[in-house]
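# Observations on chain architecture
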Amino acid sequence: MRRILLLLLCIPMLVCAKTKKDDSKYLVGAVPEVNGQVLFQQTFAVEGKSKQEIFNVMKTYLHNLMKEDCQMKGTKMNVEDAETGILVARFEEWMIFKKKPLVLDRTRFRYRLSVECFDGKCMMKLGQISYYYEEDLEGFNGRTYRAEEWINDTNALNKAQDKLLWGSAKFRRKTVDRVEEIFTGARDAFEQPVEKPKATKLLD
């Protein structure tokens, strides 16, 4: 009887252990700031490609991003300059936290994505981030949160900086993951599929 009782007492502990999130990748430094502004940056090499070639690939990549199902009317291209190699786009997309029957937790995720192309390399910046959350069915009466007051280290981590604060945790996780997805997609856009060698027909 005692063994059964001990087992029952341990079950909640086991459940908590399984459901506990590993937030190590979202802790200190996961959301970088430059001069007090949240700004994600990445520069990567594209060997053997000219500035114009890189610009063309990134232009296509941004236009494909703008066609994703999560995009909204606020998404648009602002700058598309082949001579300078600069692309700038504003994005407004749905960021989904939870989607189940009768439960939909989401926010409008707004940001500015800029790309600068050079011979042999590409520089990307993602900033001016904000969220429009808890809007009504008509899209009004929501609350706007700026990244600098919501997901940066100062406002999203506890004093020991080893845990995410409850309110903004889901915003920080999803933002870091989305930025990583966008930057990774840009690098992958330059990977050309390897053509399989054609089978040669043997002569009789």
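Residues numbered from 1 in each chain as written. Predicted model: local features only at pLDDT ≥ 70, side-chain atom pairs only at ≥ 80, totals over all residues. Heavy atoms only, no water.

### Points about the overall build of the protein
Scanning the protein for helices and strands turns up four helices and seven strands. Burial statistics for the protein: of 204 residues in total, 35% are counted as buried. A separation of at least 24 residues holds for 55% of the contacts in the protein among residues at least 6 apart in sequence. Here the protein has roughly 14000 Å² of accessible surface; of this, 54% comes from carbon and sulfur atoms. (Helix = DSSP H or I, 4+ residues; strand = E, 2+ residues; numbered from the N terminus. Buried < 20%, exposed > 50% of the residue type's maximum accessible area, 1.4 Å probe, protein only. Contact = heavy atoms within 4.5 Å. Areas by Shrake-Rupley, 256 points an atom, 1.4 Å probe, with all protein chains shown as cover.)

### Quick word on the packing of helix α2 (residues 51-65) against helix α4 (residues 166-188)
At a closest axis distance of 10 Å, the pairing of α2 and α4 adopts a crossing angle of 140 degrees. With respect to α4, the element α2 is oriented oblique. Viewed along their axes, α2 and α4 form a crossing whose handedness is right-handed. Contact with α2, carried on its side by Met58, Tyr61 and Leu65, involves Arg178, Glu181, Ile182, Gly185 and Ala186 of α4 and no other residues of that element. In terms of residue class, the contact of α2 with α4 is built from five nonpolar, one polar and two charged. (Axes fitted to C-alpha atoms, helices over the stretch in contact; angles between N-to-C directions. Parallel < 35°, antiparallel > 145°, perpendicular 65-115°, else oblique. Left-handed = near helix turned anticlockwise from the far one by under 90°. Nonpolar A, V, L, I, M, F, W, Y, C, P; charged D, E, K, R; others polar.)

### Things to note about the side chain of Glu92
Turning to its location among the elements, Glu92 is positioned in strand β4 (residues 86-100). Judged by relative accessible area, Glu92 falls into the buried class, the value being 10%. Within the structure, Glu92 has its side chain in polar contact with the side chain of Arg110 (distance 2.9 Å). Once residues lying within four places of it in the same chain are set aside, the contact partners of Glu92 are Cys70, Gln71, Met72, Lys73, Gly74, Thr75, Arg108, Phe109 and Arg110. (Polar contact = N/O pair within 3.5 Å; in protein donor to acceptor, adjacent residues only side chain to side chain.)

### Some remarks on the packing of aromatic side chains
A complete count under the given rule lists eleven aromatic pairs for this structure. Look at Tyr145 and Trp150: their rings are 4.4 Å apart centre to centre, the planes differ by 25 degrees, and that puts the pair in the stacked class. On the accessibility criterion, Tyr145 (10% relative accessible area) is buried. Ring-pair connections join several aromatic residues into one group, and the members of that group are Phe91, Phe97, Phe109, Tyr111, Tyr131, Tyr133, Tyr145, Trp150 and Phe171. Here the basic side chain of Arg106 rests over the ring of Trp94, its NZ or CZ set 3.6 Å away from the ring centre. Note that Lys121 overlies the ring of Phe118, its terminal NZ or CZ placed 5.2 Å from the centroid. (Phe/Tyr/Trp six-rings, centres within 6.5 Å; stacked < 30°, edge-to-face > 60°. Lys NZ or Arg CZ within 6 Å of the ring centre and 35° of its normal.)

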